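Results of the structural survey
Letter by letter, the chains look like this.
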Amino acid sequence: MAAVCLENAVNRERLRLAGLTDSLTGLYNRRHLRHRLEQEVTRARRYGQRLSCMFVDADHFKAINDRYGHAVGDQVLTALAQRLRARLRTSDLATRYGGEEFAVLLPQTDLRSAHSLAREIGAGIAASPLILDGGEAVTVTVSVGVASLPEGDRRTAREAGEALLQAADAA
């Protein structure tokens, strides 16, 4: 009986995590980002800390899919997610926003530091081509937009968070 209860608990946790993560990249999904965004805005305001956001977009991704096929496109997205995660702190929240776009929340990070990290991520990804199963190398570049939560913003946490996402996406 105890084993069945434990198995049920493990399965429920797996289902919960499946609803919050992207199955291809293993990163959190947009739903989880929206949930955490409001929390992070509230936390940043409460403790007087900075909160920044990055949008990372794979350049010319359609051309990769067209030339190599969608299976290679999936390999590229997975590699981008791994490379992105490797350059972030454990407190940062990397998510697959959609398609070939990733959004990253950077708690306790000012705009200058976020820009520096964005340059580091872009250069690191471009410098290391992805080696395909057949041995061919594919160079991938990314465009990164950065924004920071403005100090003294009087909007609700949800509105301010959405504005932060939109500003990073536009950048």
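Structure's up top.
Remember, predicted model here, so these are calculated numbers, not experimental data.

**Things to note about the layout of surface pockets**
Taken as a whole, the largest pocket spans an internal volume of roughly 160 Å³. In this structure, the largest pocket is lined by T21, G26, L27, Y28, R85, L88, R89, T90, D92, L93 and A94. The residue makeup of the lining of the largest pocket, split by class, is 5 nonpolar, 3 polar and 3 charged.

**Things to note about the pattern of salt bridges**
Counted by the stated rule, this structure contains 13 salt bridges. Residues E38 and R158 are paired through a salt bridge, measuring 3.2 Å at the closest nitrogen-oxygen approach. Here the residue E38 occupies a position in helix 2 (residues 30-47), and R158 occupies one in helix 6 (residues 157-170), the gap between them amounting to 120 residues. On the basis of relative accessible area, E38 is assigned to the partly exposed category, the value being 32%. Given the relative accessible area of 57%, R158 is considered exposed.

**Digging into the nonpolar core**
Residues M54, V76, L80, L88 and F102 are the most contacted members of the largest nonpolar core, which totals 29 residues. Residue assignment for this core shows that the elements contributing at least two residues are strand 2 (51-58), helix 3 (61-68), helix 4 (70-86), strand 4 (101-107), helix 5 (111-127) and strand 7 (142-148). Sort the elements by how many residues they give to this core and helix 4 lands first, with 7 residues. Dropping the residues within four chain positions of it, V76 is found in contact with F61, I64, L130 and V140. One finds A44, L93, A160 and A168 within the second-largest nonpolar core, a separate group that totals 18 residues.

**A look at the side chain of N29**
Note on placement: N29 falls in strand 1 (residues 28-29). Polar contacts involving the side chain of N29 include one to the main-chain amide nitrogen of H32, which spans 3.0 Å.

**What to know about empty space enclosed by the protein**
One water molecule sets the probe size; rolling that probe over the atoms shows where empty space is left. Tallied over the entire structure, the rule returns 1 cavity of 30 Å³ or more. Taken as a whole, the largest cavity holds about 30 Å³ of empty space. Examining the composition of the lining of the largest cavity, we find that 4 residues originate from one element, helix 4, more than from any other. Here the residues of the lining of the largest cavity are counted per class, giving 5 nonpolar, no polar and 1 charged.

**Topic: the pairing of strand 3 (residues 93-98)**
Across the 6 residues of strand 3, 5 count as buried, placing the element largely inside the fold. Relative to strand 3, strand 1 is paired through 2 bridges, and the arrangement is parallel. Bridged to N29 within strand 3 is R96. Counting the residues between successive antiparallel strands, the hairpin from strand 3 to strand 4 contains 2 residues, one of them, G99, with a positive phi of roughly 55°.

**Topic: the packing of helix 3 against helix 4**
Two elements in contact, helix 3 and helix 4, have axes separated by 7 Å at closest approach and are oriented at 135°. Classified by the interaxial angle, the pair formed by helix 3 and helix 4 is oblique. Residues F61, I64, N65 and Y68 of helix 3 lie in contact with helix 4, whose contacting residues are H70, V72, G73, V76 and L77. Looking at the contact of helix 3 with helix 4, its residues break down into 6 nonpolar, 3 polar and no charged.

**A word on helix 2**
With 18 residues, helix 2 should cover 26 Å at 1.5 Å per step; its first-to-last C-alpha distance of 25 Å lies within 8% of that length. The largest bend in helix 2 is about 25°, located at R36. Looking only at helix 2, the buried set comprises H32, L33, L37, E40, V41 and A44. The opening residue of helix 2 is N29, an N-cap whose side-chain oxygen sits 3.2 Å from the backbone nitrogen of R31. Immediately beyond the C-terminal end of helix 2, within one or two residues, lies G48, with a positive phi of roughly 65°.

Quick notes on the rules
- Residues numbered from 1 in each chain as written.
- Predicted model: local features only at pLDDT ≥ 70, side-chain atom pairs only at ≥ 80, totals over all residues.
- Heavy atoms only, no water.
- 1 Å grid on protein atoms, 1.4 Å probe; cavity = no way out; pocket = protein on both sides within 12 Å on 5 of 7 lines; lining within 4 Å.
- Points joined across faces, edges and corners; volume = space filled by probe spheres on them.
- Nonpolar A, V, L, I, M, F, W, Y, C, P; charged D, E, K, R; others polar.
- Salt bridge = Lys/Arg side-chain N within 4 Å of Asp/Glu carboxyl O.
- Helix = DSSP H or I, 4+ residues; strand = E, 2+ residues; numbered from the N terminus.
- Buried < 20%, exposed > 50% of the residue type's maximum accessible area, 1.4 Å probe, protein only.
- Core = buried A, V, L, I, M, F, W, Y, C linked by side-chain atoms within 4.5 Å.
- Contact = heavy atoms within 4.5 Å.
- Polar contact = N/O pair within 3.5 Å; in protein donor to acceptor, adjacent residues only side chain to side chain.
- Pairing = 2+ DSSP bridges.
- Axes fitted to C-alpha atoms, helices over the stretch in contact; angles between N-to-C directions.
- Parallel < 35°, antiparallel > 145°, perpendicular 65-115°, else oblique.
- Expected span 1.5 Å × (residues − 1).
- Bend = angle between axes of the 7 residues up to and from the residue.

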